[in-house]
Amino acid sequence: MLSHPEIMEKHSKRCVYDMSMTLCLMSVALLRDDPHFFKESLMLWLANILAAHEKNTQCHQAYTYLQETLQEQLPSVCNQLLEPYMDIILEVLDTPPKLLANVQRGAA
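The structure contained in this document is the topic of the report that follows. (Residues numbered from 1 in each chain as written. Predicted model: local features only at pLDDT ≥ 70, side-chain atom pairs only at ≥ 80, totals over all residues. Heavy atoms only, no water.)

### Some words on the overall build of the chain
Tallying secondary structure elements over the chain gives five helices and zero strands in all. Listed N to C, the secondary structure of the chain is α-α-α-α-α in terms of helices and strands. Counting the 108 residues in the chain, one finds 32% classified as buried. Sequence-distant contacts, at least 24 apart, represent 69% of the contacts inside the chain between residues at least 6 apart. Approximately 7,100 Å² of the chain is accessible, and the part contributed by carbon and sulfur atoms is 59%. (Helix = DSSP H or I, 4+ residues; strand = E, 2+ residues; numbered from the N terminus. Buried < 20%, exposed > 50% of the residue type's maximum accessible area, 1.4 Å probe, protein only. Contact = heavy atoms within 4.5 Å. Areas by Shrake-Rupley, 256 points an atom, 1.4 Å probe, with all protein chains shown as cover.)

What follows is the structure, given as structure tokens:
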């Protein structure tokens, strides 16, 4: 919120919703022990939507802050479990839109 107040003023509800859904699906993938499910079912879709709205950079920063908050608030054992999923989020959000299209075509 502090780094992009103009975006948060306009999109804060959507941001909170997207991050909440990301955490929910991360939890499901963690229980399933299936990072592929997480990446394919949510992250590639979300990254394409964010790229279309040109929000990848801001969202990458927001998820970096989320990762930092989780590291501060959760025990290290929990963070070790979440780390691969947070890595997926940051990796996908850092992928240029053209590469995202190629990744999705290759997955189909």
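Anyway, onward from the coordinates.
### A short note on helix H4 (residues 76–93)
Between its terminal C-alpha atoms H4 stretches 24 Å, which fits the 26 Å expected from 18 residues at 1.5 Å a residue. The sharpest bend along H4 comes to roughly 45 degrees, located at leucine 82, with the proline proline 84 sitting one to four residues further on. (Expected span 1.5 Å × (residues − 1). Bend = angle between axes of the 7 residues up to and from the residue.)

### Topic: the packing of helix H2 (residues 35–52) against helix H3 (residues 56–73)
Remark: H2 packs on H3, axes separated minimally by 8 Å, with the N-to-C direction vectors making an angle of 130 degrees. With respect to their mutual orientation, H2 and H3 come out oblique. On the side of H2, the interface is formed by Leu46, Ala47, Leu50 and Ala51, while H3 contributes Asn56, Cys59 and Tyr63. Across the contact of H2 with H3, the residue classes tally to six nonpolar, one polar and no charged. (Axes fitted to C-alpha atoms, helices over the stretch in contact; angles between N-to-C directions. Parallel < 35°, antiparallel > 145°, perpendicular 65-115°, else oblique. Nonpolar A, V, L, I, M, F, W, Y, C, P; charged D, E, K, R; others polar.)

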